[in-house]
Amino acid sequence: METIELLRQGMAEYGLDTASAEGLMTYLDAMLAKNEVMNLTAIRDPEEAVKLHLLDALSLLTDFDFKGKSVIDVGCGAGLPGMPLRIAEPSVNLTLLDATGKKIAFLQECCDAMGLSNVTCLHARAEETGMRECFDVAVSRAVAQLNVLSELCLPFVKIGGWFCAMKAVASQEEVDTAMSAIKKLGGRLDRQVDVKIPGTDVVHRLVWIEKIAPTPAAYPRRYAKIKASPL
Ligand code: SAM
């Protein structure tokens with residue numbers, strides 16, 4: 001089966017409109033081509049990348065209405081999950097943030113080539129941007145343990161907004177360990193949703209945290225401090 005058909009089938013399985021499938025493949029092809037000359041992803045097989053990158057990222061759309069939302073993807077790497085989210089839901093106003101300049105340069109090139117508006121590609125460390133409480137949603141995949149990640153992500157989120165951490169199913173201990181951090185940072189664990197990635201036996205977990213109070217000004221701390229004494 002052609003990879004785009006695999007993508008369309010998976011999107012249909014999620015109940016999503018498949019109109020953006022071509023745009024999603026354009027992004028994935030650009031990522032896999034760039035991966036030949038710089039290290040963007042360990043997944044080189046296009047079918048695996050459709051499932052474990054595109055469909056995994058799109059699982060976000062099965063559980064939350066992103067229409068018109070401002071979203072920051074913290075530690076986006078090659079643009080995951082933010083790029084698929086923005087391509088499939090064009091009303092999203094997306095900020096892609098990563099500490100690695102060449103990844104952000106790739107994403108800027110890719111957005112320019114695809115003519116994607118409402119995407120800001122930002123080369124910075126999450127804890128050093130100074131941006132506070134200005135996004136409806138923060139999303140993040142494969143960046144840090146939840147207690148550390150909450151300190152990087154929750155400061156960005158408006159009160160009444162959401163932080164979604166994309167995790168493995170075996171993450172209950174990690175979530176339990178992060179409970180006091182989440183509370184200190186103004187969050188409240190709302191729900192954990194398990195999603196099976198179409199065409200695989202892989203089940204991933206979306207951990208949804210609501211921002212219910214301001215994050216105290218002391219957070220985020222410098223990264224060395226966050227790592228040395230996680231909340
Ligand atoms: N989210 C992508 C994905 O799921 O494929 C990339 C995951 S990669 C394992 C982790 C990324 O987080 C790297 O690109 C790294 O540069 C970025 N990162 C780690 N700590 C960060 C921080 N404090 N601020 C911004 N980016 C960070």
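Worth saying up front: this structure is predicted, and the values here are computed from it rather than measured.

**A closer look at the packing of helix H1 (residues 3-14) against helix H3 (residues 46-58)**
In step 1: Two numbers describe how H1 lies on H3: the axes approach to 10 Å, and their chain directions differ by 30 degrees. Taken together, the axes of H1 and H3 lie roughly parallel to each other. Crossing of H1 against H3: the hand is right-handed. For the pair H1 and H3, contact is made by Thr3, Leu6, Leu7, Gly10, Met11 and Tyr14 and by Pro46, Glu47, Val50, Lys51, Leu54, Leu55, Asp56 and Leu58, respectively.
In step 2: Tallied by class, residues from the contact of H1 with H3 come to 9 nonpolar, 2 polar and 3 charged.

**Remarks on the site of the ligand**
In step 1: If you check the shell around the ligand, you find 16 residues, and the closest are Gly75, Leu80, Asp98, Ala126 and Arg141.
In step 2: One of the side-chain N or O atoms of threonine 100 is found 3.0 Å from an oxygen atom in the ligand.
In step 3: The contact in question runs from an oxygen atom of the ligand to an N or O atom on the side chain of arginine 141, over 2.6 Å.
In step 4: Judged by the fraction of its atoms near the pocket grid, the ligand is located in the largest pocket.
In step 5: The residue inventory of the shell around the ligand, partitioned by class, reads 8 nonpolar, 3 polar and 5 charged.

**Concerning the nonpolar core**
In step 1: The biggest cluster of nonpolar side chains holds 53 residues, and the ones touching the most others in it are Leu7, Tyr27, Leu58, Leu60, Phe66, Leu107 and Trp208.
In step 2: If you tally residues by element for this core, the top one is helix H2 (residues 21-34), at 7 residues.
In step 3: Each residue touching leucine 107, except ones within four places of it in the same chain, is listed here: Tyr27, Cys76, Gly77, Ala78, Gly79, Met83, Leu96 and Cys121.
In step 4: With 28 residues, the next largest nonpolar core counts Leu152, Phe163, Val175 and Ile182 among its residues.

**Here we look at the side chain of histidine 53**
In step 1: For histidine 53, the location among the structural elements is in helix H3.
In step 2: A polar contact is formed between the side chain of histidine 53 and the side chain of arginine 141, at a distance of 2.9 Å.
In step 3: When residues no more than four places from it in sequence are discounted, the contact partners of histidine 53 are Met31, Thr41, Ile43, Glu48, Leu80 and Arg141.

Thresholds, definitions, all that
Residues numbered from 1 in each chain as written. Predicted model: local features only at pLDDT ≥ 70, side-chain atom pairs only at ≥ 80, totals over all residues. Heavy atoms only, no water. Axes fitted to C-alpha atoms, helices over the stretch in contact; angles between N-to-C directions. Helix = DSSP H or I, 4+ residues; strand = E, 2+ residues; numbered from the N terminus. Parallel < 35°, antiparallel > 145°, perpendicular 65-115°, else oblique. Left-handed = near helix turned anticlockwise from the far one by under 90°. Contact = heavy atoms within 4.5 Å. Nonpolar A, V, L, I, M, F, W, Y, C, P; charged D, E, K, R; others polar. Near = heavy atom within 4 Å. Polar contact = N/O pair within 3.5 Å; in protein donor to acceptor, adjacent residues only side chain to side chain. 1 Å grid on protein atoms, 1.4 Å probe; cavity = no way out; pocket = protein on both sides within 12 Å on 5 of 7 lines; lining within 4 Å. Sits in = over half its atoms within 2 Å of the grid points. Core = buried A, V, L, I, M, F, W, Y, C linked by side-chain atoms within 4.5 Å. Buried < 20%, exposed > 50% of the residue type's maximum accessible area, 1.4 Å probe, protein only.

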